[in-house]
Amino acid sequence: TTIYGLLPNFDGNLKRIHLQTFSIFNTYKIPELPVGPICNPGEKALRAVLSPAASPYLYFVSRGDGSHVFAEDYKTHDKNVKEFQLKIKQK
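To keep things clear, this report deals only with the structure shown in the data block. (Residues numbered from 1 in each chain as written. Predicted model: local features only at pLDDT ≥ 70, side-chain atom pairs only at ≥ 80, totals over all residues. Heavy atoms only, no water.)

Here we look at the side chain of S23
Take S23: it is sitting in the loop between helix 1 (16–19) and helix 2 (43–50). For S23, a relative accessible area of 13% corresponds to the buried category. Leaving out residues up to four positions away in the same chain, S23 has contacts with G5 and I30. (Helix = DSSP H or I, 4+ residues; strand = E, 2+ residues; numbered from the N terminus. Buried < 20%, exposed > 50% of the residue type's maximum accessible area, 1.4 Å probe, protein only. Contact = heavy atoms within 4.5 Å.)

What follows is the structure in structure tokens.
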């Protein structure tokens with residue numbers, strides 16, 4: 001929701017400073033739900049919530065190439081964030 005507060009000037013790169021900037025959409029800065037709907041899920045998404053697939057994965061992170069890597073525990077997730085996300089930011 002933070003991105004909505006950055007539009008129309010958002011360049012696609014969400015930064016820590018954006019999470020610290022107040023807007024009526026930024027759920028990191030406001031104590032309630034933002035104005036308007038957060039999203040509009042389709043039927044398949046609603047059915048998935050009611051009948052989720054069995055999976056040991058609790059975390060995921062983007063590899064930066066359109067794919068994702070999944071992790072069963074926070075320690076592995078933290079390693080994946082450092083490997084894939086921090087590497088992307090350094091480019």
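Remarks on a nonpolar patch on the surface
Together, I3, Y4, L7 and L14 line one region of the surface with nonpolar side chains, adding up to about 350 Å² of accessible area. With respect to the helices, strands and loops of the structure, I3 is situated in the segment before helix 1. The class for I3 is partly exposed, based on a relative accessible area of 34%. (Patch = residues over 30% accessible without salt bridge, like charges linked within 9 Å, V, L, I, M, F, W, Y side chains within 5 Å. Areas by Shrake-Rupley, 256 points an atom, 1.4 Å probe, with all protein chains shown as cover. Salt bridge = Lys/Arg side-chain N within 4 Å of Asp/Glu carboxyl O.)

Comments concerning the packing of aromatic side chains
In total, this model carries four aromatic pairs according to the counting rule given. On the basis of an interplanar angle of 45° and a centroid distance of 5.8 Å, the ring pair of Y57 and F70 is categorised as tilted. Linking Y57 in the loop between helix 2 and strand 1 (59–62) with F70 in strand 2 (residues 68–71), this pair joins segments that are 13 residues apart in sequence. Ring geometry for Y59 and Y74: centres 5.8 Å apart, planes at 70°, overall edge-to-face. One end of the pair, Y59, is in strand 1; the other, Y74, is in helix 3 (residues 74–90), and 15 residues separate them in sequence. Every member of this aromatic cluster is reached through a ring pair, and the members are Y57, F60 and F70. (Phe/Tyr/Trp six-rings, centres within 6.5 Å; stacked < 30°, edge-to-face > 60°.)

Digging into the environment of Q20
By the secondary structure assignment, Q20 is in the loop between helix 1 and helix 2. Q20 sits 52 residues away from E72 along the chain, and the two C-alpha atoms are 29 Å apart. Look past the residues within four positions of Q20 in its chain and what remains in contact with it is N26 and K29.

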